[in-house]
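Structural overview
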Amino acid sequence: MTASWLHLGAIVTHVKTPGEQFNAAVGRQLRAEIGAAGSSIAAMAREIGIARSALDNYVTGKRSIPVPIVYAVSASLDIAPHIMITRACLLYTSDAADE
């Protein structure tokens, strides 16, 4: 995956590292699990005690997700954290195969 933008008349391309891609996959999985549980980003953020904007940045891949956040969301959804990460791994490898 790449992102391009114009910088002082030149096109700059940012290729996401595998770590950034995996972080994005974990974020997408968190978002999917939150939605599947019938919750929202705002409600989950309140429940785990962080700002809605912070959780939104994590689940959209804009910011790296701290491990304690993965644990807090997982616990709130009654999903073992290793299951959440395993599901994200499957998503990540599926994404890599599509590229």
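Above this text is the structure in question.
Let me begin by describing the structure that accompanies this report. Everything numeric in this text was worked out from a predicted model, so none of it was measured.

Looking at the packing of helix 2 (residues 41-48) against helix 4 (residues 67-76)
Helix 4 packs onto helix 2 with a crossing angle of 105 degrees between their chain directions and a minimal axis gap of 10 Å. Our classification of the angle between helix 2 and helix 4 gives roughly perpendicular. Contacts between helix 2 and helix 4 involve Met44, Glu47 and Ile48 from the first element and Ile69, Ala72, Val73 and Ser76 from the second. By residue class, the composition of the contact of helix 2 with helix 4 is five nonpolar, one polar and one charged.

A few points about the nonpolar core
Most often, soluble globular proteins have nonpolar side chains that are buried together. Of all hydrophobic cores here, the largest spans 18 residues; its most connected members are Leu55 and Val73. Elements supplying a minimum of two residues to this core: helix 1 (18-36), helix 2, helix 3 (52-59), helix 4 and helix 5 (81-98). With four residues, the top contributor of residues to this core is helix 2. Apart from residues lying up to four places away in sequence, Val73 is in contact with Leu30, Ile34, Met44, Ile48, Leu55 and Met84.

Thoughts on helix 3
Within helix 3 the residues assigned to the buried category are Leu55, Tyr58 and Val59. Viewed end-on, helix 3 has its buried residues packed into an arc of 90 degrees, placing them on one side of the element. Phi turns positive one or two residues past the end of helix 3, at Gly61, with a value near 80 degrees.

Remarks on unusual backbone geometry
The residue Asp78 is not glycine, and still its phi comes out positive at about 60 degrees. Locating Asp78 in the fold gives a position in the loop between helix 4 and helix 5. Exposure remark for Asp78: the relative accessible area of 74% places this residue in the exposed category.

What counts and how
- Residues numbered from 1 in each chain as written.
- Predicted model: local features only at pLDDT ≥ 70, side-chain atom pairs only at ≥ 80, totals over all residues.
- Heavy atoms only, no water.
- Axes fitted to C-alpha atoms, helices over the stretch in contact; angles between N-to-C directions.
- Helix = DSSP H or I, 4+ residues; strand = E, 2+ residues; numbered from the N terminus.
- Parallel < 35°, antiparallel > 145°, perpendicular 65-115°, else oblique.
- Contact = heavy atoms within 4.5 Å.
- Nonpolar A, V, L, I, M, F, W, Y, C, P; charged D, E, K, R; others polar.
- Core = buried A, V, L, I, M, F, W, Y, C linked by side-chain atoms within 4.5 Å.
- Buried < 20%, exposed > 50% of the residue type's maximum accessible area, 1.4 Å probe, protein only.
- Arc of directions from axis to C-beta.

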